[in-house]
Amino acid sequence: MSKMNTFKIFIPIKNSSINIDWIFTITITLSLLFVFLVDYYEEIVPETISKISVGFLIFNLILVIVIQIISHFLYQSLSGAFDGEIILNDDSINLGEKTLAISTIKKLEVFIQDYKGMHIWHQKTLKPKLQQGVKNAMKIELISGDILSVNFLQAYKNEFQKSSEYLKKYYLEGKIHFLHLIDLLEITDYNDIQNLKKELNEKKTLRKQDDEN
């Protein structure tokens, strides 16, 4: 398990993998067409061919059901490779070999979409249903105008929330919008939001006092 401020960077690549959904759609369609034609010309088609056509259709339907069940326990293919790490620090963020001082950052956004082992229930597909956890992205806009964006691995559910103290520091530095902060921390309760505001205001006050001293 990675440190709470370290996340593996994932470099995606386009993959021309075979679409299993299309394969079985075509196969079952052809099977149905075969059965229909055999039935239509039943007077001239041998009974053996008729049985084979029905058996082929049933076989395909059973195979689809079996693959559908198995797909719930398989991980999606990992189209890409890991290269470097995101490391969150008090005064900087490392993106692989690049070290970005917080003072050079204008805006920081993080988009959390999945985690390793996340199950996709809503997709009607024969493809594997378990996510690899690499569809998350960090986007950094620098004061210079440059924009850097990388995908990263979330090894388990809510892993990124473990870096809440760093996110709060970045908010205090004006790099993260408050609404984006509570979204990342998944805070929805009104009282919890107010408590967070209070905590951040207290930290602002302490920072101001430290600067004055």
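Residues numbered from 1 in each chain as written. Predicted model: local features only at pLDDT ≥ 70, side-chain atom pairs only at ≥ 80, totals over all residues. Heavy atoms only, no water.

Draft legend 1. Fine view of the packing of helix 3 (residues 164–172) against helix 5 (residues 190–212). Between helix 3 and helix 5, whose axes approach to 11 Å, the crossing angle comes to 60 degrees. When the interaxial angle is binned, helix 3 and helix 5 end up oblique. Helix 5 is crossed by helix 3, and the crossing has right-handed handedness. Taking contact as the criterion, the partners of Glu165, Lys168, Tyr171 and Leu172 in helix 3 are, on helix 5, Leu196, Glu199, Leu200, Lys203, Lys204 and Arg207. Residue composition of the contact of helix 3 with helix 5, grouped by class: four nonpolar, no polar and six charged. (Axes fitted to C-alpha atoms, helices over the stretch in contact; angles between N-to-C directions. Helix = DSSP H or I, 4+ residues; strand = E, 2+ residues; numbered from the N terminus. Parallel < 35°, antiparallel > 145°, perpendicular 65-115°, else oblique. Left-handed = near helix turned anticlockwise from the far one by under 90°. Contact = heavy atoms within 4.5 Å. Nonpolar A, V, L, I, M, F, W, Y, C, P; charged D, E, K, R; others polar.)

Draft legend 2. Expanded view of the layout of surface pockets. In this structure, the largest pocket spans a volume of roughly 480 Å³. Lining the largest pocket are 20 residues, with Gln76, Ser77, Leu78, Ser79 and Lys135 positioned closest to its centre. Residues belonging to the lining of the largest pocket are distributed by class as follows: seven nonpolar, ten polar and three charged. Taken as a whole, the second largest pocket encloses approximately 250 Å³ of empty space. If you go around the second largest pocket, you meet 13 residues; those closest to its centre are Ile112, Gln154, Asn158, Gln161 and Glu186. Among the residues forming the lining of the second largest pocket, the class breakdown is five nonpolar, four polar and four charged. (1 Å grid on protein atoms, 1.4 Å probe; cavity = no way out; pocket = protein on both sides within 12 Å on 5 of 7 lines; lining within 4 Å. Points joined across faces, edges and corners; volume = space filled by probe spheres on them.)

Draft legend 3. Highlighting helix 5. Across its 23 residues, helix 5 extends 33 Å between first and last C-alpha, which sits within 8% of the 33 Å expected from 1.5 Å per residue. Listed as buried for helix 5 are Ile193, Leu196 and Leu200. Buried positions along helix 5 lie against helix 3 and helix 4 (178–184). Capping the start of helix 5, Asp189 holds a side-chain oxygen 3.1 Å from the backbone nitrogen of Asn191, two or three residues further along. (Expected span 1.5 Å × (residues − 1). Buried < 20%, exposed > 50% of the residue type's maximum accessible area, 1.4 Å probe, protein only. Polar contact = N/O pair within 3.5 Å; in protein donor to acceptor, adjacent residues only side chain to side chain.)

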